[in-house]
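Listed here are the chains, written in short residue letters.
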Amino acid sequence: MKKTNLIFNAILFVAIVYLFVLTFFFPTRFGIEDSGPAIFPRFALIGLAVLLLIDTISTIRKSGNIPLFTQEEKKKLVRFMLLLATIFVFVLLLGKINFIILSFISLFVVSMIFKLKWITSVMTSVVLTLFIYFVFVEGLNIVF
């Protein structure tokens, strides 16, 4: 866990430095650098770097070999990965399968991932699918 956290912090720190350098290429008004659009991102990145430094120091000070994930966290991670896979498949099949059928199946699978009862899953899938379809077709005038 310690090694993983330190590696993640190092990768995040490199990303922060890269984004901070990019702020120097933001457009400025009349070439004046004092309070352009880069000020807030710079402050946010500096704050994030300070918090990252604090996390790195506290990680180094911790002792012991704690496992990366507990059993409960592993179960939650598997459910999260299934959720991401469902969303990915939904996006891939969006133009190839009818929206109502695809949406119903995807929402049903998501309901099963979150361990809802069968009746609740079916009802939730039907209601949300019809609601989404109605909002986009009738409200926003978008044809699927």
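Coordinates for the structure precede this section.
Quick look at the structure, then. Values in this document were obtained by computation on a predicted structure and should not be read as measured data.

1. Section: the packing of helix 1 (residues 2-22) against helix 2 (residues 39-61)
Reasoning step 1: Contact pair helix 1 / helix 2: the axes reach a minimum separation of 10 Å and the direction vectors enclose 160°. Relative to helix 2, the element helix 1 is oriented roughly antiparallel. Handedness of the crossing formed by helix 1 with helix 2: left-handed. Here helix 1 contributes K2, N5, L6, N9, L12, F13, I16, L19 and F20 to the contact with helix 2, which in turn contributes R42, L45, I46, L48, A49, L52, D55, T56, T59 and I60.
Reasoning step 2: Residues of the contact of helix 1 with helix 2, tallied by class, amount to 12 nonpolar, 4 polar and 3 charged.

2. So, the packing of aromatic side chains
Reasoning step 1: As enumerated under the stated definition, the model contains 4 aromatic pairs in all.
Reasoning step 2: Arranged with centres 5.5 Å apart and planes meeting at 85°, the rings of F20 and F24 form a pair that is edge-to-face.
Reasoning step 3: Since its relative accessible area comes to 26%, F20 is described here as partly exposed.
Reasoning step 4: Relative accessible area serves as the criterion here: at 48%, F24 is assigned to the partly exposed category.
Reasoning step 5: Ring plane angle 70° and centroid distance 6.5 Å describe the contact between F90 and F99, whose orientation is recorded as edge-to-face.
Reasoning step 6: By relative accessible area, F99 is classed as buried at 9%.
Reasoning step 7: The side chain of R42 reaches across the aromatic face of F24, ending 4.1 Å from its centre.

Rules behind the numbers
Residues numbered from 1 in each chain as written. Predicted model: local features only at pLDDT ≥ 70, side-chain atom pairs only at ≥ 80, totals over all residues. Heavy atoms only, no water. Axes fitted to C-alpha atoms, helices over the stretch in contact; angles between N-to-C directions. Helix = DSSP H or I, 4+ residues; strand = E, 2+ residues; numbered from the N terminus. Parallel < 35°, antiparallel > 145°, perpendicular 65-115°, else oblique. Left-handed = near helix turned anticlockwise from the far one by under 90°. Contact = heavy atoms within 4.5 Å. Nonpolar A, V, L, I, M, F, W, Y, C, P; charged D, E, K, R; others polar. Phe/Tyr/Trp six-rings, centres within 6.5 Å; stacked < 30°, edge-to-face > 60°. Buried < 20%, exposed > 50% of the residue type's maximum accessible area, 1.4 Å probe, protein only. Lys NZ or Arg CZ within 6 Å of the ring centre and 35° of its normal.

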